[in-house]
Amino acid sequence: MTNQNEHEQDHPHQVPAAFKIQLPTPSTPIHSATVSAPTNIACIKYWGKASSHYNTPINDSLSLTLDQADLRAVTTASCCKCFTEDKLWLNGKEVQMNASTLKRFRACVDGIRALASDKVDDITHQIVVTRSEWETMPVHIASYNNFPTAAGLASSAAGYAALVASLVALYDAREEYPGQFSAIARQGSGSACRSLYGGFVAWRAGGEREDWSDSIAEPVVDEMHWEEIRAVILVVSNKEKETSSTKGMETSVTTSRLLEYRAKHVVPQRMKEIEKAIQEKDFESFGKVTMMDSNQFHATCLDTYPPIFYMNDVSKSVVTMVHVYNEWAEEIRAAYTFDAGPNAVLYTLEKYQVELLALVLRYYPEVGEGYVNNSELRKEAMEFALEAGLVEAVEKRCRVRDIGDVKMVYCTKGGPGPQTLGDQCSLFEFV
Ligand SMILES: Nc1ncnc2c1ncn2[C@@H]1O[C@H](COP(=O)(O)OP(=O)(O)OP(=O)(O)O)[C@@H](O)[C@H]1O
Ligand SMILES: C[C@@](O)(CCOP(=O)(O)OP(=O)(O)O)CC(=O)O
């Protein structure tokens, strides 16, 4: 994790007032850390657990970490002798943890606290909290997402990565082996392990070691390697999804033979192909593997009994539009991928981003102000003259959708892993 004041200045993380938590001023010293963490969207999907206890996957997966300037979770972790119990707030409300949330929360808090260091005063160099003393102080954790929660936009990935990163900063925790923090984050939510690094990140399934300590995330290339990669996200639904990823993959593992085949015979080859494509910045291969893997993941959902439908008619219309666009261009300029929900993530290159956005704005009309998160790009796309041949090709296969079919569009790019923020960004206010 880096401490980048520069990054903070570029993107000031002002906490919206509704997400600030007021606490009585403590009578004993309070220790705090605030971080922001990114989402990530997988090109090779994680779907299916090998061990529910350790929360480990049946196959490797690979994703791009997205820029926190656009989508982020911000988390403050505080601890104090005067707190009476551990507590968690999400988006301004205290979370009443059920058994599943509690297990995830405990795995992260206890896992990172076990790696804590002594806290040394910057000026006097005296130890102010010993490693073992941390255990005597309950933690209060507050977090918020600046994008829809539990709607299939990887909020759990950003959320648990932020939770782990805030605890690492609070306890000045040290890894005993590379990737150990990611092994802890995956116990919060599997996809969260990949959000601890920037750029393209692989999650190696592991399983050679009995305790699954080899099921860790590993950076493939950092965000500077293929700087031209862009993501255009079409928010088709901002509501909580009906079938959570955890529940969905549980049913898929027990009922889908296709999922078993995919994990054993398809993903290993695809991981090699996509890592090579990324190393060589070969968008043609990258885009094809990404689209095929999304299609196969949704095919396993259909092969699940009873079937799970994450993509809807609007999602399918985006698939058609992207294929028509690529056929017209005679190359892959955009690649779609869908997580466990109807929202489309379109990967493209910087040079095609405005053209792609112009296409999106033509067929998915704007709901109102703020429809596109980036007003400059929106303006460029509105002024962009789509080629007549492209419009003709799309019009043969797609219709202009209704206002509201797409609720919002995020334009973003690859970005770094979690960032430490200053105390002024704390979600706690002492009154
Ligand atoms: N900032 C956060 N801090 C802590 N926990 C969070 C945070 N954001 C989300 N979560 C947890 O993650 C859950 C949502 O996870 P879920 O997998 O259902 O949705 P998602 O991550 O948005 O979608 P997907 O993983 O399919 O892209 C929330 O109900 C909450 O328990
Ligand atoms: C479709 C996915 O987004 C599934 C993500 O699942 P989660 O990581 O949310 O699942 P849990 O480990 O049960 O919390 C694919 C991916 O991100 O690789």
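If you're wondering where the values come from, they're calculated on a predicted model, not measured in any experiment. (Residues numbered from 1 in each chain as written. Chains lettered and ligands numbered in written order. Predicted model: local features only at pLDDT ≥ 70, side-chain atom pairs only at ≥ 80, totals over all residues. Heavy atoms only, no water.)

## Points about the pattern of salt bridges
Applicable threshold: Criterion for a salt bridge: a side-chain nitrogen of Lys or Arg within 4 Å of a carboxyl oxygen of Asp or Glu. Each helix is a run of DSSP H or I of at least 4 residues and each strand a run of E of at least 2, with the numbering of both proceeding from the N terminus. Throughout this description, buried means an accessible area under 20% of the type-specific maximum (1.4 Å probe, protein chains only), exposed means over 50%, and partly exposed covers the range between.
Tallied over the full model, the rule gives 23 salt bridges. One salt bridge in this structure joins arginine 397 and glutamate 327, with 3.9 Å as the shortest N-O distance. Linking arginine 397 in helix H11 (residues 388-397) with glutamate 327 in helix H8 (residues 313-329), this pair joins segments that are 70 residues apart in sequence. In this structure, arginine 397 and glutamate 327 share a single accessibility class: exposed. Across the salt bridge formed by arginine 401 and aspartate 405, the nearest N and O atoms sit 3.0 Å from each other. Looking at arginine 401, the relative accessible area reads 15%, which means it is buried. Of the residues examined, aspartate 405 reaches a relative accessible area of 16% and is grouped as buried. Among the charged side chains, a network of salt bridges with common partners joins Asp86, Arg106, Asp110 and Arg113.

## Notes on the site of ligand 2
Put simply, the rule reads: A molecule or strand has a residue near it when one of that residue's heavy atoms lies within 4 Å. Whenever two N or O atoms come within 3.5 Å, that pair is a polar contact, provided that in protein one can donate a hydrogen and the other can accept it, and provided that, for residues adjacent in sequence, both atoms are side-chain atoms. For the area figures, the Shrake-Rupley method with a 1.4 Å probe applies, and any residue is considered shielded solely by the protein chains shown. Residues were grouped as follows: Ala, Val, Leu, Ile, Met, Phe, Trp, Tyr, Cys and Pro as nonpolar; Asp, Glu, Lys and Arg as charged; and all remaining residues, including Gly, as polar. These domain limits were set by an automatic method or by a database of domain assignments.
Near ligand 2, the surroundings consist of 18 residues, among which Tyr46, Lys49, Ser189, Ser191 and Thr246 are the closest. Tyrosine 46 places a polar side-chain atom, nitrogen or oxygen, 2.6 Å from an oxygen atom of ligand 2. Contact with the protein chains hides 95% of the accessible area of ligand 2, taken as 460 Å² for the molecule alone. Broken down by element, the shell around ligand 2 gets its largest block of residues, 3 residues, from helix H5 (residues 245-255). Partitioned by chemical class, the residues of the shell around ligand 2 number 6 nonpolar, 7 polar and 5 charged. When we break the shell around ligand 2 down by domain, the ones giving at least three residues each are domain 1 (2-223 + 420-430) and domain 2 (229-413).

## Brief notes about the site of ligand 1
Of all residues adjacent to ligand 1, which total 17 residues, the nearest are Ser143, Ala154, Ser155, Ser156 and Lys241. Within the contact set of ligand 1, an oxygen atom lies 3.4 Å away from a backbone nitrogen or oxygen of glycine 152. Contact with the protein chains covers 83% of the free accessible surface of ligand 1, which is 650 Å². For the shell around ligand 1, the elements supplying multiple residues, two or more each, are strand E12 (139-145) and helix H3 (155-171).

## Re the UniProt feature "domain: Diphosphomevalonate decarboxylase-like N-terminal" (unreviewed entry) in the protein
Here is the rule we go by: UniProt positions are given in the numbering used here, feature names are shortened, and annotations may be inferred rather than shown by experiment.
Annotation from UniProt places "domain: Diphosphomevalonate decarboxylase-like N-terminal" (unreviewed entry) at residues 37-215. As annotated, residues 37-215 comprises 23% helix and 27% strand, and the C-alpha atoms at either end are separated by 21 Å.

## Observations regarding the UniProt feature "domain: Mvd1 C-terminal" (unreviewed entry) in the protein
With numbering aligned to this structure, UniProt lists the feature "domain: Mvd1 C-terminal" (unreviewed entry) at residues 231-420. Taken end to end, residues 231-420 is 55% helix and 13% strand, and its two terminal C-alpha atoms sit 24 Å from one another.

## Section: the side chain of arginine 72
We apply this condition: Charge counting follows a simple rule: Lys and Arg are positive, Asp and Glu are negative, and His as well as the terminal groups are ignored.
Mapped onto the elements, arginine 72 comes out in strand E7 (residues 72-80). For arginine 72, which is buried and forms no salt bridge, the nearest opposite charge comes from aspartate 70, at a distance of 7.0 Å. At a separation of 2.9 Å, a polar atom in the side chain of arginine 72 contacts the main-chain carbonyl oxygen of glutamine 68. Engagement of the side chain of arginine 72 in a polar contact is seen with the backbone oxygen of alanine 69, the distance being 3.3 Å.

## What to know about the packing of helix H9 (residues 350-363) against H11
This is how the line gets drawn: Note on method: axes are straight lines fitted to C-alpha atoms, helices fitted across the in-contact stretch only, with angles between N-to-C directions ranging 0 to 180 degrees. Working rule for angles: under 35 degrees goes down as roughly parallel, over 145 as roughly antiparallel, 65 to 115 as roughly perpendicular, anything else as oblique. For any pair of crossing helices, the crossing counts as left-handed if the nearer helix is rotated counterclockwise from the farther one by less than a right angle, and right-handed if it is rotated clockwise. It only takes one pair of heavy atoms within 4.5 Å for two residues to be counted as in contact.
Running from amino to carboxyl end, H9 crosses H11 at an angle of 45 degrees, the nearest separation of the two axes being 12 Å. Considered as vectors, H9 and H11 are oriented oblique to each other. The chirality of how H9 crosses H11 is right-handed. Counting all contacts with H9, which are made through Leu359, Arg362 and Tyr363, the residues of H11 involved are Leu390, Val391, Val394 and Glu395. Looking at the contact of H9 with H11 residue by residue, the class counts come to 5 nonpolar, no polar and 2 charged.

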